[in-house]
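One letter stands for each residue in the lines below.
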Amino acid sequence: MSENKDLHGAQQGGSVEGVKFVYDFTEGNKDLKDLLGGKGANLAEMTNLGLPVPPGFTITTEACKVYLDSGEEPAALRDEVSAHLDALEAAMGKKLGQPDNPLLVSVRSGAKFSMPGMMDTVLNIGLSDKSVQGLAKQAGDDRFAWDSYRRLIQMFGKTVLGVDGDLFEDALEAAKTAKKVAVDTELEAADLKKLVTKFKKIVKTEAGRDFPQDPREQMDLAIHAVFDSWNTDRAKLYRRQERIPHDLGTAVNVCSMVFGNLGPDSGTGVAFTRDPASGQQGVYGDYLQNAQGEDVVAGIRNTVPLADLEQIDKKSYDQLMQIMETLENHYKDLCDIEFTIERGQLWMLQTRVGKRTAGAAFRIATQLVDQGLIDEAEALTRVTGAQLAQLMFPRFDEEAKVEKIGRGIAASPGAAVGKAVFDSYTAVKWSRSGEKVILVRRETNPDDLDGMIAAEGILTSRGGKTSHAAVVARGMGKTCVCGAEELEVDTKRRRMTVPGGHVVEEGDLISIDGSTGKVYLGEVPVVPSPVVEYFEGRMHPGADDADELVEAVHRMMAFADRKRRLRVRANADNAEDALRARRFGAQGIGLCRTEHMFLGDRRELVERLILADTEAERDDSLKALLPLQRQDFVELFEGMDGLPVTIRLLDPPLHEFLPDITELSVRVALAESRQEPHENELRLLQAVHRLHEQNPMLGLRGVRLGLVIPGLFTMQVRAIAEAAAERRAAKGDPRAEIMIPLVGTVQELEIVREEADQVIAEVEKATGTRLKLAIGTMIELPRAALTAGQIAEAAEFFSFGTNDLTQTVWGFSRDDVEASFFTAYLEKGIFGVSPFETIDRDGVGSLVKLAAEAGRATRPGLKLGVCGEHGGDPESVHFFHEAGLDYVSCSPFRIPVARLEAGRAAVTSNGSDHR
């Protein structure tokens, strides 16, 4: 909205002139998520659709930003809230917290992006020692009123006043024990009244103040608590995990209360318009009679399937089914819905585009295309490369001998194996020491987020597909099994008892299958994913053995290939990798690292080259290497016939081909002590000392090797040229490209190029074959990027080596920094993600764009690619599309991901992904 445009510029002392901070549900719509948050925008949208939404209003994210920046709410906010509260009271015909007929409200968070359970909510605001009597009279139910009051004190005490939540839980458990009942619904009004007294004492003792009796004070403090919850540790951790910006703030939704805990004709539930685990259409969700919303999400009480609601309350069930259809057709996507039934009256409390598993995302996208709700371009925005990568992970071998110990609800798919741990702290600690763990809990809560991130998978004995564990796991792509009721989890004794009496102690290996809900003792073997079988060509869409998932992936890949501009090549150094890459859809090789061809049985020849004392010895070593290199290239050209193959000449320092200095020193010392011959080891040791550098990655490597060691690069060029000529003679179509590494100045490239052109001409003359071998360079040094216009005079293509470019731009030694301080940088928010994982747009990315523009200004049509690891990173692929590169290159396994993301980049380049 235009009135919010200059908010921060106008901010002073918590006041902002002329800015609207509060919107009634009738004023917004689903497109105002930046301002109203996802929950507020969607409540407004449902109100606009005429659906039964309890009246209320939303305090904007801009108000939150002012509060967080200045420590004060905007000066105008209180008056705006009062005006909207007055309107709400008039509409409802009652006043907030009035003794005889109280209006009660909920105060809920609602950020732009869904952060399930990470921020705060307080229900039943307005209840007090006086108004609880009025609520009881109004509802005709004492038990309901006192249950609602104890819930308010418990939530308010923990959320707003910072009281340890376990103190309330322990008091509740003690009340149930004293009454000899199993669940809180069996406590009577008198029991709950005593519990309220106990809860108020806990607040007084722990918070140093009485529970507030003024309803407006309750509401104002709850609003501030929701604002503050944006910056809790768990919220910041979740945003880092999900790459959500930290400066968005949260909206606050103040909504008139409707009650699901009024008896058996009331209840609360969560519904999905399709199964978020599989994508199948049907009736999916959970319902809980005589309960409030947090009971379902927390998983404290086990729910019944949503389909059971048809028998419990047919009228509400039919209305809900109609509303679900309306919402899915309106949003054109899977919708996640929260609802409450108050004495037979259905109320909609929230809707949003639902989180889903990777497999469900692909199935739903193609289903919606078939239904005519979305087109291919929109379908591509509904799936991600990260989801595709998840589908390519192995799964459990169903043929293996296993010991099944339980079964729960398949909440988030995958095959996870690890040692059982029973709290978040241990999960993090063991994970950091290299152990793979499964976090086992009765139910999870937002404080378990650290452990959920650290674990391979999550197993709970309570809760369903809409519980906290299930929702968060699906969002993170983490394997999860919920509601395994037959497993008795004892977190205090750190053990789990399974049917038959067997006990799983902390540290015992277990396996969980998030696709079936099965839990196994020990480690279960895994087999390749059917999606990988499809990419390998061993499973074909439409065949009897192909499932719906493979068909959906096949169709989405076809959509992406039709839309994308970026071509996708492979990093491959041998014929086997080249053939696999081609099966995965590679359109050539973007990086063949020739140093890998000098290892193994050929190491002795390299040692002879390094130790050569005379020109003749060096030439003999190079002649011995030539036919081996030539055959390597013949096989590569054959595997990639008709497609480009970019071959990087030798790049690493020569000492990497020699034995370790410590190992050699020991061998020499032992030989001398035993008076054994050791002339060769001594020469090697002397060579290692001679070639030793303080910082070899910035020393004698890349183009510098070709200039300092005569014949090295020309031998490689000759091998490439002769291999290309041999393939042409065999009626093949080799398309070799020669890439010079680590160029920092055009003069280096000019010298190497002149020698290479001469060798190519000699091979052409000797074979009578016209060879078209392009010669280009890697741009992996800041100076190369800054002088790209000059370098393009001698280069026919650029390939950005973003691994080394990132090291040299940041001044990082990757092998050292990732282990020493990257964890701290990520935790402190200096990095949202490692710059070696996702391209640093502002720094490294700026140099890539600058070099691309300068290179093409000198040589229009200059071919541009990237061959660092960023070439397979989903977010980086979008950047390379925007930068105008022609192709990305990555490892064979990541090619499908790069293809999909290249298609997504093409359809989202003129707008943001809606997710």
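Everything below is about the structure shown above.
Residues numbered from 1 in each chain as written. Predicted model: local features only at pLDDT ≥ 70, side-chain atom pairs only at ≥ 80, totals over all residues. Heavy atoms only, no water.

Glancing now at the sheet that holds strand S21 (residues 509-513). Judged by pairing direction, the sheet is mixed, and its eight strands sit side by side in the order S12-S22-S21-S14-S15-S16-S17-S13 without closing on themselves. Each of the sheet's edge strands pairs with one partner strand only, and the pair in question is strand S12 (403-407) and strand S13 (409-412). The average undirected angle you get between the axes of adjacent strands in this sheet is 30 degrees. As defined by bridge partners, S12 adjoins strand S22 (residues 518-521) across four bridges and the pair is classed as antiparallel. Counterpart to Lys404 in the pairing with S22 is Tyr520. Where helix H17 (residues 424-432) meets the sheet, it contacts strand S14 (415-421) and strand S15 (437-441), and its direction lies at approximately 110 degrees from that of S14. With respect to the sheet, helix H19 (residues 468-476) is in contact with S13, strand S16 (457-460) and strand S17 (479-482), its orientation differing from that of S17 by roughly 165 degrees. (Pairing = 2+ DSSP bridges. Helix = DSSP H or I, 4+ residues; strand = E, 2+ residues; numbered from the N terminus. Axes fitted to C-alpha atoms, helices over the stretch in contact; angles between N-to-C directions. Contact = heavy atoms within 4.5 Å.)

On to a nonpolar patch on the surface, then. Taken together, Leu707, Val708 and Ile751 make up a surface patch of nonpolar side chains, about 250 Å² in accessible area. By the secondary structure assignment, Leu707 is in helix H27 (residues 703-708). Accessibility expressed as a relative area gives 36% for Leu707, which makes it partly exposed. (Patch = residues over 30% accessible without salt bridge, like charges linked within 9 Å, V, L, I, M, F, W, Y side chains within 5 Å. Areas by Shrake-Rupley, 256 points an atom, 1.4 Å probe, with all protein chains shown as cover. Salt bridge = Lys/Arg side-chain N within 4 Å of Asp/Glu carboxyl O. Buried < 20%, exposed > 50% of the residue type's maximum accessible area, 1.4 Å probe, protein only.)

By the criterion of burial, S14 is predominantly enclosed, with five of the seven residues buried. Pairing of S14 with S15, which is carried by three bridges, proceeds in the parallel orientation. Residue pairing across strands places Lys419 opposite Val437, the latter belonging to S15.

The next thing to look at is helix H9 (residues 215-229). Across its 15 residues, H9 extends 21 Å between first and last C-alpha, which sits within 8% of the 21 Å expected from 1.5 Å per residue. Counting buried positions along H9 yields 11 of 15 residues, so the element is predominantly enclosed. Here H9 has its buried residues at Pro215, Arg216, Gln218, Met219, Asp220, Ala222, Ile223, Ala225, Val226, Phe227 and Ser229. Two or three places before Arg216, at the start of H9, stands the capping residue Asp214, its side-chain oxygen 3.1 Å from that residue's backbone nitrogen. (Expected span 1.5 Å × (residues − 1). Polar contact = N/O pair within 3.5 Å; in protein donor to acceptor, adjacent residues only side chain to side chain.)

This paragraph deals with the packing of helix H21 (residues 548-563) against helix H37 (residues 895-908). Packing of H21 against H37 brings their axes to within 8 Å, and their N-to-C directions diverge by 55 degrees. One element, H21, and the other, H37, form an angle in the oblique class. Read as a crossing pair, H21 and H37 show a hand that is left-handed. Here Met556, Met557, Ala560, Asp561 and Lys563 of H21 lie close against H37, whose contacting residues are Pro896, Arg899, Leu900, Gly903, Ala906 and Val907. Per-class residue counts for the contact of H21 with H37 are seven nonpolar, one polar and three charged. (Parallel < 35°, antiparallel > 145°, perpendicular 65-115°, else oblique. Left-handed = near helix turned anticlockwise from the far one by under 90°. Nonpolar A, V, L, I, M, F, W, Y, C, P; charged D, E, K, R; others polar.)

We now examine the nonpolar core. Residues Phe362, Leu388, Val553 and Ile740 are the most contacted members of the largest nonpolar core, which totals 132 residues. Looking at this core element by element, the count peaks at 10 residues for helix H28 (residues 712-729). With residues up to four places along the chain from it excluded, the contact list for Ile740 reads Leu649, Val703, Phe713, Leu749, Val752, Ile775, Gly776, Thr777 and Met778. If you look at the next biggest cluster of nonpolar residues, it comprises 58 residues, including Leu104, Phe211, Met219 and Leu262. (Core = buried A, V, L, I, M, F, W, Y, C linked by side-chain atoms within 4.5 Å.)

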